[in-house]
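# Residue-level structure breakdown
Listed here are the chains, written in short residue letters.
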2 protein chains.
Amino acid sequence: MERVTMADVAEAAGVSVATVSYVLSGKRPVRPDTRAAVEAAIRELGFTPNTTARSLRTGRSSLVGLVVPDLANPFYAQFAAALQERLRDLGLHVVVCNTRADRSEELAFVREAAQQQFAGVVITPFRLTAKDLELLERAGVPVVVSADIRLGQVDRVAPEARSAMRAALQAVTDAGRRRIAMIAGPRDATGGDPRLELLRELARQFGTELPHGLVVRGEHTRAAGAEGFGELMSRRHPPDAVFCANDVIAVGAMDRAEELDVRIPGDVALVGYDDAVFASLVRPRLTTIRYPAQAAGEAAARLLRERIDGRTVPRTVRVKAEFVARESV
Amino acid sequence: MERVTMADVAEAAGVSVATVSYVLSGKRPVRPDTRAAVEAAIRELGFTPNTTARSLRTGRSSLVGLVVPDLANPFYAQFAAALQERLRDLGLHVVVCNTRADRSEELAFVREAAQQQFAGVVITPFRLTAKDLELLERAGVPVVVSADIRLGQVDRVAPEARSAMRAALQAVTDAGRRRIAMIAGPRDATGGDPRLELLRELARQFGTELPHGLVVRGEHTRAAGAEGFGELMSRRHPPDAVFCANDVIAVGAMDRAEELDVRIPGDVALVGYDDAVFASLVRPRLTTIRYPAQAAGEAAARLLRERIDGRTVPRTVRVKAEFVARESV
DNA sequence: TTGAAAGCGCTAACAA
DNA sequence: TTGTTAGCGCTTTCAA
């Protein structure tokens, strides 16, 4: 299987390589019959341009990096699938990097993407700072941040979760709950935990607060969720409602609740975040804030396209989150 | 941020670019002090070789394609994460392609991987044939197939599920079940459904059979699982035990069981396959055949490394599956 | 032990 | 409207 090059196509069509290139890129007019001849030759020979050569020449790779803390989290898996499907048509390839929330992994990948002049990077930074992302900007690599917080002057897709969160609080307080707690993400995560901040702010509007002892922190894992829930229940005045930074944590909380014989929602109401597939599968079914992964992935793809098409001012796309009442409140 | 090239390093170290290249590759001896000077310059300038240029020159890209039918299925997501983590050290990037079990998507990606001389392709073919994979072999691109069936002369990672499946059958028959059914994958899937074949063979050893009407087929989706279960229950003699080609299907079956007021395991025992995260989350907890995704992903990475290191004879790695008794049998 | 230089396949500036 | 050609950054052959 010999590689077919532009030179082969040019020869077959009786034109120069430049013409073939221009037919492909459309960057300069080509006479219709010349174009036809070239296209025929391309089809005939089954030619596909060598993206490596193209990248070397243009200084732009066809790779888009996707940096996520945990690909096994259904949210990120769906996000990745949607992103890839939307980028495919542009001839872009999605390169995944699972960082396990490890800063050095995040940084190593971002560095490489900058060095190799990736076509773009879509990242959910977990321990990375805005400063780290400047690496990419300086290298001229478009960045899309998928996170609740703002991280420098870059494109961003973020949940619009205020009304959903308010609805959740409403449901919780309607159920007579007053001692509201949260199992948040780790303290040293990039931007702290914006979901906690939002909950705090909204709670005040509801005339209540998150008591000091009722905010615990941990990684976005099932184990950490169990741990956090255990901590919460060991308080002198344990909570009667627990919000979680995501559904994985919430499931961990349910694990521990079962061990401790704490009834959900009888003793404690539980609210997740994301609406991962399993949220409707656990018993009781998890009440949660749905943040649609597919829509978020598609939005990220759109932002990237716009950048590649020349937009220079950063833009934020907000994806509406939605309260999903099930059985855990 | 100017790109640092080998020429810069060479100049700084007072040597030729060739020497820099050889220091990096180790493909010819370099005097220790020369080497030291070069390494110092590399560090000083923060040089990283341009993989695009390297690929163009060597005709080998640093990309490994991962082709899966459904990235949102936790099995594939974990597989992807493990593969990527094991390939990272080799400087290889994992490019994902989510095909939604669509043959044309599979084919398009395989074609491109062949054209662009990918470093390798790891694929769970769903509608692709051995013949299609020859595209890659002819292009000299190493292929690792992750599937129960054998697909041409390529490397392969596959479950060793016989004993686990036997244990599952044992549990089912111990529970007094005799009318065994299966919700299998689609008829036109590559290789049919080997899990069905295995179950059939083992059932015979148990002195029973899968009656004709008790094998239904569908996609590997929750909806198809529900559909299939409904079909099965509409039979004149419905089954009292249902095996599923994977856990996603099994969950769909549970959905429908609930709608139909069929008790699991009271009326019907249910067995999944994979042990996806949610298997232990649904109620009743799903009894299943655990096929460890991470181990499979790591095995695929290993096979690829071996190929890249020069092995030429195809090899199959079997990953042991395990019966996990929970509550649905 | 090291260097010079060709060339991988493409794009785009320049020329015609 | 089209062609010629330099050169992207690297690897590797050939020569010293």
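Residues numbered from 1 in each chain as written. Chains lettered and ligands numbered in written order. Predicted model: local features only at pLDDT ≥ 70, side-chain atom pairs only at ≥ 80, totals over all residues. Heavy atoms only, no water.

Going by the annotation in an unreviewed UniProt entry, the name recorded for chain A is LacI family DNA-binding transcriptional regulator, with Kitasatospora arboriphila given as the source organism.

## Some details on the protein's contact with DNA strand C
Quick note on the threshold: We call a residue near a molecule or strand whenever a single non-hydrogen atom of that residue lies within 4 Å of it. For the purposes of these results, a polar contact is taken to be a pair of N or O atoms within 3.5 Å, where, inside protein, one atom must be able to donate a hydrogen and its partner to accept one; residues adjacent in sequence count only when each atom of the pair is a side-chain atom. Runs of H or I in DSSP of at least four residues are treated as helices and runs of E of at least two as strands, each being numbered from the N terminus. Side-chain classes follow a simple rule in which Ala, Val, Leu, Ile, Met, Phe, Trp, Tyr, Cys and Pro form the nonpolar group, Asp, Glu, Lys and Arg form the charged group, and the remainder, Gly included, forms the polar group.
The environment of DNA strand C is made up of 26 residues, and the closest members are Met6(A), Arg54(A), Arg57(A), Thr19(B) and Thr34(B). Each atom of DNA strand C within 4 Å of the protein belongs either to a base or to sugar and phosphate, the latter forming 57%. One of the side-chain nitrogen or oxygen atoms of Tyr22(A) is found 3.3 Å away from a base nitrogen of DNA strand C. If you list the elements that add at least two residues to the surface near DNA strand C, you get helix H2 (17-25) and helix H4 (51-58) of chain A together with helix H2 (17-25) and helix H4 (51-58) of chain B. A total of four residues in the surface near DNA strand C trace back to one element, the largest contributor, which is H4(A). Taken together, the residues of the surface near DNA strand C sort by class into 11 nonpolar, eight polar and seven charged.

## A few points about the relation of the copies chain A and chain B
Each of the two copies of the chain can be brought onto the other by a rotation about an axis and a shift along it. What counts, and what does not: Copy-to-copy superposition: least squares on the C-alpha atoms, limited to residues that have pLDDT of at least 70 in both copies.
When chain A is brought onto chain B, the operation consists of a screw motion whose angular component is 180 degrees and whose axial shift is 0.0 Å, with 0.1 Å RMSD remaining. What the superposition gives is, in effect, a two-fold axis relating one chain to the other.

## Examining the protein's contact with DNA strand D
As a structural note, the neighbourhood of DNA strand D is formed by 26 residues, with Thr19(A), Thr34(A), Met6(B), Tyr22(B) and Arg57(B) the closest of them. Here DNA strand D approaches the protein such that, of its atoms within 4 Å, sugar and phosphate make up 54%. With respect to DNA strand D, the side chain of Thr19(A) contributes an N or O atom lying 2.5 Å from a phosphate oxygen. Top element by residues in the surface near DNA strand D is H4(B). It accounts for four residues. Considered class by class, the residues forming the surface near DNA strand D number 12 nonpolar, seven polar and seven charged.

## Comments concerning H2(B)
All names here are of chain B. As a reminder of what qualifies: Residue burial is assigned from relative accessible area. The probe radius is 1.4 Å, only protein chains are included, and a residue is buried under 20% of its type maximum, exposed over 50%, and partly exposed in between. Working note: the arc is built from the helix axis to C-beta atom directions. We call two residues in contact whenever any of their non-hydrogen atoms come within 4.5 Å of each other.
Considered for burial, the residues of H2 that qualify are Thr-19, Val-20 and Val-23. Projected down its long axis, H2 shows its buried positions confined to an angular sector of 100 degrees, all on one face. Contact partners of the buried residues in H2: helix H1 (6-13) and helix H3 (32-45). Just downstream of H2 lies Gly-26, where phi reads positive at about 70 degrees.

## Observations regarding the interface of chain A and chain B
Which entries qualify depends on this criterion: Here the quantity called buried area is the accessible surface, traced with a 1.4 Å probe, that two parts lose on coming together, added over both. Salt bridges are identified by distance alone: a Lys or Arg side-chain nitrogen within 4 Å of an Asp or Glu carboxyl oxygen.
Taken together, the contact pairs 46 residues of chain A with 46 residues of chain B. For the chain A and chain B pair, buried surface summed over both sides reaches about 4,200 Å², with 53% attributable to carbon and sulfur atoms. Of the charged contacts, one joins Arg283(A) and Glu258(B) as a salt bridge, the two residues approaching to 3.9 Å between their closest N and O atoms. The tally of links between chain A and chain B comes to 22 residue pairs in polar contact (both at pLDDT 80 or more). For the side of chain A that touches chain B, the secondary structure elements donating two or more residues are H4, helix H5 (74-87), strand E2 (93-98), helix H6 (103-115), helix H7 (130-138) and helix H11 (247-260) of chain A. Grouping the constituent residues of the side of chain A that touches chain B by class yields 22 nonpolar, 13 polar and 11 charged.

## Side note on the pattern of salt bridges
For the structure on display, the rule yields 54 salt bridges over all chains. Two residues, Glu258(A) and Arg285(B), come together in a salt bridge whose shortest N-O distance is 3.2 Å. One end of the pair, Glu258(A), is in helix H11; the other, Arg285(B), is in the loop between strand E9 (269-274) and strand E10 (287-290), on a second chain. For Glu258(A), a relative accessible area of 44% corresponds to the partly exposed category. Among the ionic pairs, Arg315(A) bridges to Glu306(A), the shortest N-O distance being 2.9 Å. A relative accessible area of 33% means that Arg315(A) is categorised as partly exposed.

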